[in-house]
Amino acid sequence: MSHFTPAHALTGGALIGLSAAILWVGLGRIAGISGILAGLRMPDRGWRMAFLAGMIAAPLLYRLAGGATADPTIATSAWVVIAGGLLVGFGTRLGGGCTSGHGVCGIARLSRRSIAATAVFMAAAMVTVYCTHHIGIG
Amino acid sequence: MRALAIATTCGLLFGLGLTVSAMIDPAKVLGFLDIAGDWDPSLILVMAGAIPVAALGYMFRRQDKATTQTAIDRRLLLGATLFGIGWGLVGYCPGPALASLSFGDAKTLLFVAAMLVGMAAFEVWNRRG
């Protein structure tokens, strides 16, 4: 429990929720990142590009404003990173959403599909981490 | 113009939320997923902070129930399983992976490239089958 950061987690979460609320009330869109990204090839790519540009710029602006952020630390090999990326890309499209679309927006909408999807991807991720960190598979 | 301004604002808020909560760091996310290790429950509090605020938005503007999918089918469950395995292998889901691009980390770039290939592979597979 040594790394637990409850205040930052709640504050950051509220900002993500606010983003989802404004995007819905203002544009009638769900703030699901995999869906926004996959829709870039659709004719309505303007708002999608604007959203993603804002999201990519935010950590940079936060650092420029003097905020402290940890650099991403990925301990796994490049091959595991590639396998993970492929699975996340294919799986989020097949399952119609990711942590944001199902886990935040879907649960907030009380969608049965999203509650089921979130339970399944969290369980699958926890089993995967158990296998790689504690049994030594992968 | 108004739509682009709203979308940019929402993107900035979303990215700021990921940054403040440290969810852009895959090690932090793996700390949550590693329930048998030195467990870090922070991710649950990110969701606990986000869901009620988002829910206010969904109450404010009604959804069209007729076009909302409700079936819990094989595609949903298989897709969520594959996504969960990939998430557990690296600690990145799509939002944090994209938001971390500006750190210029080679493995982040590799992950995003593979994720886009995975999405494209789905489109090809989906059109065939």
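Up top is the structure.
Residues numbered from 1 in each chain as written. Chains lettered and ligands numbered in written order. Predicted model: local features only at pLDDT ≥ 70, side-chain atom pairs only at ≥ 80, totals over all residues. Heavy atoms only, no water.

What to know about helix α2 (residues 26–33) of chain B
Filter applied, for reference: Note on exposure labels: buried denotes an accessible area under 20% of the residue type's maximum, exposed denotes more than 50%, and partly exposed covers the range between, all computed with a 1.4 Å probe on protein chains only. Secondary structure follows DSSP: runs of H or I at least 4 residues long count as helices, runs of E at least 2 residues long count as strands, and numbering of each begins at the N terminus. Residue contacts are counted whenever heavy atoms from the two residues lie within 4.5 Å of one another.
Of all eight residues in α2(B), seven are buried, a share of seventy percent or more. On its buried face, α2(B) is in contact with α6 (112–135) of chain A together with α3 (42–60) and α4 (74–90) of chain B.

Quick notes on the packing of aromatic side chains
Which entries qualify depends on this criterion: What counts as a ring pair is set by centres within 6.5 Å for rings of Phe, Tyr and Trp (its six-membered ring), and what kind of pair is set by the plane angle: stacked under 30 degrees, edge-to-face over 60, tilted for all other angles.
Counting across every chain of the model gives 10 aromatic pairs over all chains. Between the aromatic rings of A:Phe121 and B:Phe83, the centroid separation amounts to 4.9 Å while the plane-to-plane angle is 65°, which identifies the pairing as edge-to-face. Of this pair, A:Phe121 sits in helix α6 while B:Phe83 sits in helix α4, placing the two residues on different chains. Exposure remark for B:Phe83: the relative accessible area of 0% places this residue in the buried category. Ring centres of B:Phe83 and B:Trp87 lie 5.9 Å apart, and the angle between their planes is 15°; this geometry places the pair in the stacked category. With B:Phe83 and B:Trp87 both in helix α4 and four residues apart, this pair spans about one turn of that helix. The exposure class of B:Trp87 is buried, given its relative accessible area of 0%. Through pairs of rings, three or more aromatic residues link up here, namely A:Phe90, B:Phe122 and B:Trp125.

Things to note about the side chain of B:Lys28
This is how the line gets drawn: We call two N or O atoms a polar contact when they sit within 3.5 Å, provided that within protein one can donate a hydrogen and the other can accept it, with sequence-adjacent residues counted only if both atoms are side-chain atoms.
By the secondary structure assignment, B:Lys28 is in helix α2. Within the local environment of B:Lys28, its side chain forms a polar contact with the side chain of A:Thr5, the two groups lying 2.9 Å apart. Within the structure, the side chain of B:Lys28 is placed 2.9 Å from the side chain of B:Asp40, a separation counted as a polar contact.

Describing the nonpolar core
Note the threshold: To qualify as a nonpolar core, a set must consist of buried Ala, Val, Leu, Ile, Met, Phe, Trp, Tyr and Cys residues joined through side-chain atoms within 4.5 Å.
Formed by 65 residues in total, the largest nonpolar core has its most connected members in A:Phe51, A:Met55, B:Leu33 and B:Trp87. No other element matches the eight residues that α3(B) contributes to this core. Contact partners of B:Trp87, with chain neighbours within four places excluded, come to A:Val88, A:Thr99, A:Phe121, A:Met122, A:Ala125, B:Val29, B:Leu30, B:Leu33, B:Leu43, B:Tyr92 and B:Cys93.

A short note on the interface of chain A and chain B
Definition in use: In short, buried area is how much 1.4 Å probe accessible area vanishes from two parts on joining, totalled over both. Here, a salt bridge means any Lys or Arg side-chain nitrogen found within 4 Å of an Asp or Glu carboxyl oxygen. Charged means Asp, Glu, Lys or Arg here, nonpolar means Ala, Val, Leu, Ile, Met, Phe, Trp, Tyr, Cys or Pro, and polar covers whatever is left, Gly included.
The partner chain B presents 98 residues to the 103 residues of chain A that form the contact. Taken together, the two surfaces of chain A and chain B that pack against each other cover about 9,100 Å², and 77% of this comes from carbon and sulfur. Notably, a salt bridge pairs A:Arg113 with B:Asp73, separated by 3.7 Å at the nearest N-O pair. Seen at the junction of chain A and chain B, the total is 14 residue pairs in polar contact (both at pLDDT 80 or more). Looking at the side of chain A that touches chain B, the elements that each hand over two or more residues are α1 (6–27), α2 (33–38), α3 (45–64), α4 (78–94), α5 (99–108) and α6 of chain A. Class assignment of the residues belonging to the side of chain A that touches chain B gives a composition of 62 nonpolar, 34 polar and seven charged.

Regarding helix α6 (residues 106–128) of chain B
Put simply, the rule reads: Expected span, for any helix, means 1.5 Å times one less than how many residues it has.
An ideal rise of 1.5 Å per residue puts 33 Å on 23 residues; α6(B) measures up with 33 Å between its terminal C-alpha atoms. Along α6(B), the residues that are buried comprise B:Thr108, B:Phe111, B:Val112, B:Ala114, B:Met115, B:Gly118, B:Met119, B:Phe122 and B:Glu123. Lining the buried residues of α6(B) we find α2 and α4 of chain A together with α4 and α5 (94–99) of chain B. Residue B:Asp105 occupies the N-cap position of α6(B), its side-chain oxygen lying 3.3 Å from the main-chain nitrogen of B:Lys107.

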